[in-house]
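The primary structure of each chain is shown beneath.
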Amino acid sequence: MATELINKMAVIGVGLIGGSLALALKRAGVVRHISGWDTDPENLQLAEALQVVDTAATSAADAVCSADVVVLAVPVGSMAAAAQAVLPYMRSGSVLSDTGSVKQCVVEQVEPLARQAGVHFVAAHPISGTEHSGAAAAFAELFSGKRCIVTYGAATDTAALELVSALWRAAGSEVVCMDTLKHDRILAAISHLPHMIAYALVNSVSAYDQYDENILDYSAGGFRDFTRIASSDPVMWRDIALANKGALLEMIEQFEGFLAELKQDIHRGDGGRLYEFFRRSKNSRDALLHKEAKER
Ligand SMILES: NC(=O)c1ccc[n+]([C@@H]2O[C@H](COP(=O)([O-])OP(=O)(O)OC[C@H]3O[C@@H](n4cnc5c(N)ncnc54)[C@H](O)[C@@H]3O)[C@@H](O)[C@H]2O)c1
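An account of the overall build of the protein chain is needed here, citing residue identities and associated values.
Helix and strand counts for the protein chain come out as 11 helices and eight strands. Since a compact globule built from 296 residues should have a radius of gyration of about 19 Å, the 21 Å found for the protein chain is in line with a globular shape. For the protein chain, the residues scored as buried account for 37% of the 296 residues in total. Relative to all contacts within the protein chain whose residues are 6 or more apart in sequence, the contacts with residues 24 or more apart total 76%.

In structure tokens, the structure reads:
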């Protein structure tokens, strides 16, 4: 999309996701001016110095002044506070969006505030990221070829939904629309549970104290590949775990069931069942990789 879509956009929280969105939209040439605001002054200065945003605002109010679209890219637990900080200064009829990894709780908190302020709220979640944080980690290609889920409900304004979808398409994403509950259950399974397991695995191995040395020093490719996401920001993942409690607990219980099955088969020395367990898993993962390779 080469045509200019909007005049001014504000990014609140210029970290990995907010910064990458700003870079991607500037590269696509669809936003004339991007203003950034971040509660971490060092990060905000860095975002301006690295030209992640066009200007570093002096306050949240300054950032959103006369903006057509404002994107909240802060941790899920800070979404409501960030919305409260910007909504009184946003133009009536303008669009507020977010990038939070959990949607139901963000919509419940932010949508009523936006409605009161005469602003259209559309929730979104790019399904792409890295384990790094902050403006220095941002890059324009982060969303290229990845999905972005845009959620809707009865109160969602159609034109605002289309504008937010168009921005994510311009950033390189394939946009998929769904309701917030479906989003939260899918993400609990495919993203939130793996992060919990990676964090638990690193802690569990670190706590192994049979020998007088840190056995993490013996970790090779497999352990490192598996636990890459345990380097993700603890604030972000604390907020996600708390905000998606119901769906995440359901997935943890399901996982415990599979682990219990594995434990029982090892205990009984049931090689046939173990083989079947590993074969089923390998087939599913190989099929996923095969599908991805074909799509490339
Ligand atoms: N990292 C990922 O892989 C990923 C992927 C998709 C979505 N998300 C979601 O995107 C959001 C941002 O994640 P990120 O990875 O960019 O985090 P990040 O830590 O890189 O950036 C967040 C920034 O928000 C700032 N901030 C915190 N509270 C603020 C407030 N009230 N007002 C203004 N700035 C504030 C922080 O100082 C920080 O610079 C989160 O909600 C996260 O769940 C993350």
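How would you sum up the site of the ligand? Please name residues and give values.
The local shell around the ligand holds 30 residues, among which Gly-13, Gly-15, Ile-17, Ser-101 and Gly-129 are the closest. Going through the elements one at a time, α1 (16–28), α4 (79–86), β6 (120–126) and α9 (234–243) are the ones with two or more residues in the shell around the ligand. A per-element tally of the shell around the ligand places α1 first, with three residues. Its residues assigned to classes, the shell around the ligand comprises 13 nonpolar, 14 polar and three charged. Both domain 1 (6–178) and domain 2 (183–295) contribute no fewer than three residues apiece to the shell around the ligand.

Outline the pairing of strand β1 (residues 6–12), supporting the account with residue identities and numerical values.
In terms of residue burial, β1 counts as a mostly covered element, since five of its seven residues are buried. Pairing analysis gives six bridges linking β1 to strand β2 (residues 31–37), with the strands arranged parallel. Bridge assignment links Val-11 to a residue of β2, and that residue is Gly-36. In this view, the connection linking β1 to its parallel neighbour β2 by way of α1 has right-handed handedness. Where β1 meets strand β4 (residues 69–72), four bridges bridge the pair, whose relative direction is parallel. From the neighbouring strand, Val-11 faces β4, where its bridge partner is Val-71.

Let's hear about unusual backbone geometry: which residues, and what values?
Phi is positive for Gln-51, which is not a glycine, with a value near 60 degrees. Following the sequence through the fold, Gln-51 ends up in the loop between α2 (41–49) and β3 (55–56). A positive phi angle is found at Ser-66, which is not glycine, with a value near 60 degrees. Note that Ser-66 resides in the loop between α3 (60–64) and β4. What makes Ser-66 partly exposed here is the crowd of 13 C-beta atoms within 10 Å.

Would you mind going over the domain arrangement of the protein chain in detail, with residue names and values included?
One can read the domain layout of the protein chain as domain 1 (6–178) and domain 2 (183–295). Centre-to-centre separation of domain 1 and domain 2, based on C-alpha positions: 31 Å. Counting from both sides, the interface comprises 14 residues of domain 1 and, opposite them, 15 residues of domain 2. Elements that contribute at least two residues to the side of domain 1 that touches domain 2 include exactly α5 (104–117) and β7 (147–151). Each residue belonging to the side of domain 1 that touches domain 2 can be placed in one class, and the counts come to six nonpolar, six polar and two charged.

Could you give an account of the packing of helix α10 (residues 245–268) against helix α11 (residues 271–295), with specific residues and numbers?
Here α10 crosses α11 at 145 degrees, and the two axes come no closer than 8 Å. Along this stretch, α10 crosses α11, giving a crossing that reads as left-handed. Listed contacts from α11 to Leu-262, Asp-265 and Ile-266 of α10 are Arg-273, Leu-274 and Phe-277. Partitioning the contact of α10 with α11 into residue classes produces four nonpolar, no polar and two charged.

So what about α5? Which residues, and what values?
When the terminal C-alpha atoms of α5 are compared, their 20 Å separation across 14 residues agrees well with the 20 Å that a helix rising 1.5 Å per residue should span. Of all the bends found along α5, the most pronounced is centred on Val-110 and spans about 30 degrees, while Pro-112, a proline, follows it within four residues. Along α5, the residues that are buried comprise Gln-104, Cys-105, Val-106, Val-107, Val-110, Glu-111 and Ala-114. Taken together, the buried residues of α5 touch α4, β5 (95–98), β6, β7, α7 (180–206) and α9.

Tell me about the sheet that holds β2, residues and numbers included.
Taken in spatial order, the eight strands line up as β3-β2-β1-β4-β5-β6-β7-β8 in an open sheet, and their pairing is mixed. Edge strands, defined here as strands with exactly one partner in the open sheet, are β3 and β8 (174–178). Relative to β8, β7 runs parallel, the two sharing five bridges. Bridge assignment links Arg-147 to a residue of β8, and that residue is Glu-174.

Cut-offs applied
Residues numbered from 1 in each chain as written. Predicted model: local features only at pLDDT ≥ 70, side-chain atom pairs only at ≥ 80, totals over all residues. Helix = DSSP H or I, 4+ residues; strand = E, 2+ residues; numbered from the N terminus. Rg over C-alpha atoms; globule rule 2.2 N^0.38 Å. Buried ≥ 20, exposed ≤ 12 C-beta atoms within 10 Å, placed from the backbone. Contact = placed C-beta atoms within 7 Å. Near = placed C-beta within 6 Å. Nonpolar A, V, L, I, M, F, W, Y, C, P; charged D, E, K, R; others polar. Domains from an automatic or database assignment. Pairing = 2+ DSSP bridges. Right-handed = clockwise from strand over helix to strand, strands pointing away. Axes fitted to C-alpha atoms, helices over the stretch in contact; angles between N-to-C directions. Left-handed = near helix turned anticlockwise from the far one by under 90°. Expected span 1.5 Å × (residues − 1). Bend = angle between axes of the 7 residues up to and from the residue.

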